[in-house]
Amino acid sequence: MKLEELEMRYVPRIEPLFSGPGWMALGAFALVTLVVLPLLYLLPAADSALHVSSYTITLAGKIMCYCIVAMAMNLIWGYTGILSLGHGVFFALGGYAFGMYLMRQIGREGQYQSDLPDFMVFLDWKAFPWFWTGSEHFLWSATLVILAPGLLALAFGYFAFRSRIKGVYFSIITQAMTFAFMLLFFRNDTGFGGNNGFTDFKRVLGFPITAPSTRAAIFAMTALALIGVVFLTRYLIRSKVGRVLTAIRDSESRLMFSGYNPLGYKLFVWTLSAVLCGIAGALYVPQVGIINPSEMSPANSIEIAVWVAVGGRGSLIGPLLGAAVVNGAKSFFTQTFPEYWLFFLGLLFILVTLFLPRGVIGLLSPARWRRT
Amino acid sequence: MKPALLVSAFVAALACAATARALDEEIVARLGAEEVGTRLEAINALVASGDEAALALLQAMQDGQVNLTPSGRVVVVRGDKAFDAATMAPIEPEPEGLESIVVNNRIRGALDTAIGALKLLSPDRAVRLASAKAIETTSQAALLPLIEKAISRESDPGIRKSLQQTKAALDLKSSDPGTRLAAVSTLAESNQAQVKTRLLALLEKDASGSFVEPDAQVRAAAERSIDSIQRRLLISDYLARLFTGLSLGSILLLVALGLAITYGLLGVINMAHGEMLMIGAYATFVTQQLFKSYAPGLFDWYLVAAIPVAFAASALVGMALERSVIRWLYGRPLETLLATWGISLFLIQLVRQIFGAQNVEVANPSWMSGGVELTNMVLPYNRIAIIAFSMFVLLMMWLMLSRTRLGLFVRGVTQNRIMASCVGVPTERVDLLAFGLGSGVAGLAGCALSQIGNVGPDLGQSYIIDSFMVVVLGGVGQLAGTVYAALGLGVLSKFLEPHIGAVLTKILVLVLIIAFIQKRPQGLFALKGRAVEA
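These figures come from a predicted structure and were not determined experimentally.

## Considering the overall build of chain B
In terms of helices and strands, chain B carries 21 helices and six strands. What you see for chain B is a C-alpha radius of gyration of 33 Å, clearly larger than the 24 Å of a compact globule of 534 residues, by over 25%. Residues counted as buried form 42% of the 534 residues belonging to chain B. Counting contacts in chain B only where the partners sit at least 6 residues apart, residues at least 24 apart contribute 71% of the total.

Okay, structure coming up:
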């Protein structure tokens, strides 16, 4: 047999990027988030039935940021089988990197009318610390949004994967990492505003940050980023790299015996996942208007895992669904029954892991996810 | 409370005895002088006399019992009787037009020091010791005669030494180089950082460029003494750090022991382990409340009863969890992580609903308060008790694992579950019991923690990440790994903390752990085997 024939027979056919309904759904999502919602927010009068409130736009934007994080988590946990309990740190680092730029944009309009942010005046600092250098330039901050979480993930991942730490060991070490970073950022002397973090932003790229048009623009950018992440994930998973990643999840030893070194693959997907989280954080901060160290708390990071678990890990839309459902529920509970939120969340963790190993998606399409 | 009672009893006794001896009438008369300065001089002179009667008089003055007759005679009024201040003889008939001597802040301060110093002559050793400690850092040369008197009478070597140190410190100001030399040499024995500062001051030059201390011999002796003090301070500093490190380490050990057992056996990390601590601590609290209401006489011993209660409470909750949730997730360790985290959230909220979100108060039994004093540090009894307790739990655990049938089964299942099951080990029951045991030990840790910290719904969260690190560093399957890792991390943290602060210590320790497992991925003590993970 010729080589091509062999390939035809044994190498699975590369699937199309999306199925017909998939393209339709993506298009509909793009239409709603890029055109319909921003227009309904900007055009109709505030008392019109069609008007979408700032609250709704901000909440939807926030949830889309969480969806990006969930996709990032899905890449590393759902497809590669590595559970990170420290993704909050990458999200927060992205947020802080962009927050630095937003703080510089306040200019002299802070409480103390100084070039320095209020918290630095309060600490009696006379100049910016070295790591704030260049943060007044949008481009450098945008680069930092990628560099900071990326480099941290690269260094951490290299040492962790090199010594073949995996499974629960890896999970609890990532948890310790985010915990340590939280403590670090809580210190006033670290130079990121301590307890209060960054807040009171005034403008971004010169536009007032609370103006409806700015909000609508950031909202649309978040939607674009989310669509981009969906494309990227799908493309990656379909590719040969994606196949190696799923192989790592299903049987790392067998993959190694077949002559692959998983280190590079793991490191790549781990760093990519961290960078995506960082971008989500950077989009999150201008919409929510605050970033503080509690974003790095271990509880926050582990919550990310439950979004993915609820939706269905290892599927493309599951994590999106999970992030939206859980965060919607969180908004609902913390407003109506704040004391029962932890009960709900706790039970969600337990019930989903016990009864829905494939998440909500597994319920919807049992045939596709039946265990082999 | 107790020392205060003793003092007043002692003062009362003195007041009776004092009738026999009289104070210098001229000095006493000056207590009633117009100017504050003269009155202060009189107080200092009374102290210098070192007389027991002086203490009684000064105490009376502090209590506002000293009055002035219109003729300028100083009298003490007790109840409705008046006594002569110098002789304490009753005055009949009672004088009229008495005016109380005003005690302003300056005089009150002088009185406090004077009374404190005069207690050096008390017959009660504890009062003398407290007094000697209180004046250890004084700079009032007026106290010298009194201190000398106290030294000549002192029978207790400890107090005597402390007094000699105080005297030497005051002698540094003497004009006689010989006295100063002797003082500097005596001070080599000191444990006080202040003494070091004072000696260092001798070596400095004043504005005109000449040494503060003119005598070269004294300066050389001072340098030697400073070295010796420095060394002693350093040693005791290190000892103190070692102690707090061991204390932290033994807490980590208590927390991590249970974690390591369940991880070794079942391959799952129980994220709700911290909540087992919390349950143990709350069980201790409940026991305490029961003792308070039903057996207040035995209150000091509630802790002894709380130990089995805390163990049982946590063990039962742990076994219930194993049966209801964790059992169904074996072979899926990452999901177990999430499910047990859910359990932990649930338990925290449950405790909040039952006991409230505020911390509850768990009291130390009276035999646990106080501590052992060593040179210039105090080792609290509750910390010592925790170190001893964790060693006891460790011993029990070791006996259980190495000497009992259950221990044999646990070790067997840890090494090879399938093979153990094949030879008839009831693995399901072993899992259940081992999980209960691990949770129970966590309950014991909670009981111990309730004695040194706050008991609240978040209690478990503060120790859990550190104890995970202990398990990562120590490896699983052997107690020794956990012991070395816990004590090592505890001591290392406490040695780093004074230099770089608590937060950077945590980060550095994490970095060190990651660096360490580069070399030994399975932790300090891994079980040797040829198995390959699937």
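## Topic: the environment of Met296(A)
Tracing the backbone shows Met296(A) in the loop between strand S4 (290–291) and helix H11 (298–311). Considered as a pair, Met296(A) and Gly88(A) are 208 residues apart in the sequence and their alpha carbons are 5.1 Å apart.

## So, the domain arrangement of chain B
Bring the parts together and some accessible area is lost; that lost area is often taken as the interface size. In terms of domains, chain B is made up of domain 1 (2–137) and domain 2 (254–460). Put simply, the middle of domain 1 of chain B and the middle of domain 2 of chain B, counted by C-alpha atoms, are 58 Å apart.

## A short note on the interface of chain A and chain B
Opposite the 36 residues of chain A that make contact, chain B presents 32 residues. Looking at the side of chain A that touches chain B, the elements with two or more residues in it are helix H6 (138–162), helix H7 (167–186), H11 and helix H13 (341–355) of chain A. Grouping the amino acids of the side of chain A that touches chain B by side-chain chemistry returns 26 nonpolar, seven polar and three charged.

## Quick notes on helix H8 (residues 157–171) of chain B
Residue and element names in this part refer to chain B. Its 15 residues give H8 an end-to-end C-alpha distance of 20 Å, which sits within 8% of 21 Å, the value for a rise of 1.5 Å per residue. Taken residue by residue, H8 has Ile159, Ser162, Leu163, Gln165, Thr166, Ala168, Ala169, Leu170 and Asp171 as its buried positions. On the buried face of H8, the contacting elements are helix H6 (125–134), helix H7 (144–153), helix H9 (177–186) and helix H10 (193–203).

## Section: the nonpolar core
Ranked by size, the top nonpolar core spans 186 residues in total, and within it Ile68(A), Val69(A), Ala70(A) and Ala305(A) carry the most contacts. Ranked by residue count, the leading element in this core is helix H3 (residues 54–79) of chain A, at 16 residues. The contact partners of Ala305(A), leaving out residues within four places of it in the chain, are Met73(A), Trp77(A), Leu83(A), Leu85(A) and Leu338(B). Of all hydrophobic cores here, the second largest spans 41 residues; its members include Leu40(B), Ala53(B), Ala56(B) and Val75(B).

## Considerations on helix H8 (residues 212–238) of chain A
Residue and element names in this part refer to chain A. Under the 1.5 Å per step criterion, the end-to-end length of H8 is 39 Å for 27 residues, consistent within 8% with the ideal 39 Å. By the burial criterion, the buried members of H8 are Arg215, Ala216, Ile218, Phe219, Thr222, Ala223, Leu226, Val229, Val230 and Thr233. Of the surrounding secondary structure, the elements contacted by the buried residues of H8 are helix H2 (20–42), H3 and helix H10 (262–288).

## Describing the sheet that holds strand S1 (residues 66–68) of chain B
Spatially, S3-S2-S1-S4 (chain B) is the arrangement adopted by the four strands of the open sheet, whose pairing is antiparallel. Unpaired on one side and paired on the other, strand S3 (81–84) and strand S4 (99–100) of chain B mark the two borders of the sheet.

## Focus on the packing of helix H12 (residues 273–294) of chain B against helix H13 (residues 302–324) of chain B
Residue and element names in this part refer to chain B. Close contact between H12 and H13 brings their axes to 8 Å; oriented N to C, the two are set at 140°. Our classification of the angle between H12 and H13 gives oblique. Helix-helix and strand crossings are classified by hand; for H12 and H13 the assignment is right-handed. On the side of H12, the interface is formed by Met276, Ile279, Gly280, Ala283, Thr284, Thr287, Gln288 and Phe291, while H13 contributes Tyr302, Ala305, Ala306, Val309, Ala310, Ala313, Ser314, Val317 and Gly318.

## Focus on the pairing of strand S2 (residues 74–78) of chain B
Residues and elements named next belong to chain B. Strand direction decides the pairing type here: S1 and S2, joined by three bridges, are antiparallel. Among the inter-strand pairings, Leu68 is bridged to a residue of S2, identified as Val74. If you look at the hairpin formed by S1 and S2, you'll find five residues sitting between the two strands, and Gly72 has a positive phi there, around 95°. Examined bridge by bridge, S2 and S3 share four bridges and lie antiparallel to one another. Paired with Val75 across the bridge in S3 is Asp84. Hairpin connection between S2 and S3: a loop of two residues separates the two successive antiparallel strands, and Gly79 in this loop has a positive phi of roughly 60°.

## Observations concerning unusual backbone geometry
All names here are of chain A. A positive phi is found at Gln113, a non-glycine position, where the angle reads about 50°. Structurally, Gln113 can be placed in the loop between helix H4 (87–106) and helix H5 (118–122). Here Leu205, not a glycine, exhibits a phi torsion of approximately 55°, which is positive. Note that Leu205 resides in the loop between strand S2 (203–204) and strand S3 (207–208). When the 10 C-beta atoms within 10 Å are taken as the criterion, Leu205 is described as exposed.

What counts, and where the lines are drawn
- For every chain, the first residue of the written sequence is number 1, and numbering continues from 1 along that sequence.
- Working convention: letters from A go to chains and numbers from 1 go to ligands, in the order in which they are written.
- Two thresholds apply to this predicted model, a pLDDT of at least 70 for residue-level local features and 80 or more for giving and counting side-chain atom pairs, whereas whole-chain, interface and lining totals are computed over all residues.
- Here a strand is any run of E in DSSP of at least two residues, a helix any run of H or I of at least four, and the numbering for each starts at the N terminus.
- When we talk radius of gyration, it's over C-alpha atoms, and the globule rule is simply 2.2 Å times the number of residues to the 0.38.
- Exposure classes come from backbone-placed C-beta atoms, where a residue is buried if 20 or more other C-beta atoms lie within 10 Å of its own, exposed if 12 or fewer do, and partly exposed in between.
- Each residue gets a C-beta atom placed from its backbone, and two residues are in contact if those atoms lie within 7 Å.
- Residue ranges for the domains trace back to a domain assignment, done automatically or taken from a database.
- Charged means Asp, Glu, Lys or Arg here, nonpolar means Ala, Val, Leu, Ile, Met, Phe, Trp, Tyr, Cys or Pro, and polar covers whatever is left, Gly included.
- Helix span, expected: 1.5 Å multiplied by one less than the number of residues in the helix.
- Structurally, a nonpolar core is described as a collection of buried Ala, Val, Leu, Ile, Met, Phe, Trp, Tyr and Cys residues joined by way of C-beta atoms within 7 Å.
- At least two bridges found by DSSP between two strands is the condition for calling them paired.
- Axes, fitted as lines to C-alpha atoms, cover a helix only where it is in contact. Angles between the N-to-C directions of the axes lie from 0 to 180 degrees.
- Here the word oblique covers every angle except those under 35 degrees (roughly parallel), over 145 (roughly antiparallel) and from 65 to 115 (roughly perpendicular).
- For a crossing to be left-handed, the near helix must be turned anticlockwise from the far one by less than a right angle; the clockwise case is right-handed.

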